[in-house]
Amino acid sequence: MQMAIQILRVDVRSGVSKKTGNAYKMAEAQCVFHAPNVETGVIEPSVGRLLLPRGQEDVRPGHYEAVFTLRSSLEGRVEAVIARLQPVEQAKPARAA
């Protein structure tokens, strides 16, 4: 599935797992996306947090085309995750003469 998103902020957390002792680094993006409301079908904006793929910790705020895939979480839930993130150029407004 492909969807346009706007990343507002990226928070990077790192540390050492208490359970395994392994180092970790994860980036979570605060983002806006537009999707149909399940009940009304009207396209509405939503804001939420999205875990970015490894190696994407340096992603800057802006507009992106995100390609999603599914995976099984540690709790056994199926969840959507980003497979690929591509920056999108935004059209600049024309200047008045």
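Note that the structure is predicted; figures quoted are calculated from it, not measured.

> Help me out: how do you make sense of the overall build of the protein in this one?
Along the backbone of the protein there are zero helices and five strands. Helices and strands appear in the protein in the N-to-C order β-β-β-β-β. Principal-axis analysis of the C-alpha atoms gives the protein an extent of 60 × 35 × 20 Å. Put simply, the protein has 97 residues, and 21% of those count as buried. A gap of 7 Å separates the mean positions of the 13 positive and 10 negative side-chain charges of the protein.

> Got a minute to help me understand the pattern of salt bridges in this structure?
Tallied over the full model, the rule gives four salt bridges. Of the charged contacts, one joins E75 and R77 as a salt bridge, the two residues approaching to 3.5 Å between their closest N and O atoms.

> Where do I start with the environment of F33 in this structure?
Structurally, the position occupied by F33 is in strand β2 (residues 23–36). A relative accessible area of 26% means that F33 is categorised as partly exposed. Residues F33 and V47, spaced 14 residues apart in sequence, show a C-alpha to C-alpha distance of 6.6 Å.

> Whenever I open this one, the pairing of strand β3 (residues 43–51) confuses me. Can you help?
Working note: regular strand, side chains alternate between the two faces of the sheet. Bridge count between β2 and β3: nine bridges; the pairing is antiparallel. The partner of A35 across the bridge, within β3, is E44. Here β2 folds back onto β3 in antiparallel fashion, the turn holding six residues, of which G41 has a positive phi close to 80°.

> Where do I start with the nonpolar core in this structure?
Nonpolar side chains in soluble globular proteins generally cluster together in the buried interior. Core analysis: the largest hydrophobic core is formed by 15 residues, its most contacted members being I5, I7, L52 and L85. Looking at this core, the element that brings in the most residues is β2, giving four residues. The contacts of I7, once residues within four sequence positions are left out, are A29, Q30, C31, L52, V59, R60, P61, G62, Y64 and L85.

> Which parts of the structure should I look at to understand the sheet that holds strand β5 (residues 78–87)?
Two pairing modes exist for strands in a sheet, parallel and antiparallel, and in both the strands are linked by backbone hydrogen bonds. What the five strands build is an open sheet, ordered β3-β2-β1-β4-β5; its pairing is antiparallel. Each edge of the open sheet carries a strand with a single partner, namely β3 and β5. In this sheet, adjacent strand axes meet at a mean angle of 30° when their direction is disregarded. Pairing between strand β4 (residues 62–72) and β5: nine bridges, direction antiparallel. In the sheet register, F68 faces β5, and the bridge partner there is I82.

> I would appreciate a short explanation of the pairing of strand β1 (residues 2–16) in the present structure.
Where β1 lies against β4, six bridges are found, and the strand directions are antiparallel. Across the sheet, residue A4 finds its bridge partner in β4, namely E65. A loop of six residues connects β1 with β2, the two strands running antiparallel in sequence, and G21 in this loop sits at a positive phi of about 80°.

Rules behind the numbers
- Numbering of residues starts from 1 in every chain and runs along the sequence as written.
- The predicted origin of the model limits local features to residues at a pLDDT of at least 70 and limits the giving and counting of side-chain atom pairs to 80 or more, whereas totals for whole chains, interfaces and linings rest on all residues.
- Only hydrogens and water are set aside; all other atoms, that is, all heavy atoms of the structure, feed into the side-chain values.
- What counts as a helix is a DSSP run of H or I of at least four residues, what counts as a strand is a run of E of at least two, and both are numbered from the N terminus.
- Note on classification: 1.4 Å probe, protein chains only; a residue is buried when its accessible area is under 20% of the maximum for its type, exposed when over 50%, partly exposed between these limits.
- Counted as positive: Lys and Arg. Counted as negative: Asp and Glu. His and the chain ends are not counted at all.
- Charge positions are represented by NZ for Lys, CZ for Arg, CG for Asp and CD for Glu.
- In the sections that follow, a salt bridge refers to a side-chain nitrogen of Lys or Arg positioned within 4 Å of a carboxyl oxygen of Asp or Glu.
- Paired strands are those between which DSSP finds at least two bridges.
- Think of a nonpolar core as a cluster: buried Ala, Val, Leu, Ile, Met, Phe, Trp, Tyr and Cys residues, connected wherever their side-chain atoms sit within 4.5 Å.
- The criterion used for residue contact is that any of the two residues' heavy atoms lie within 4.5 Å.
- Whenever a helix is involved, its axis is fitted only over the stretch in contact; in every case the axis is a line through C-alpha atoms, and angles between N-to-C directions fall within 0 to 180 degrees.

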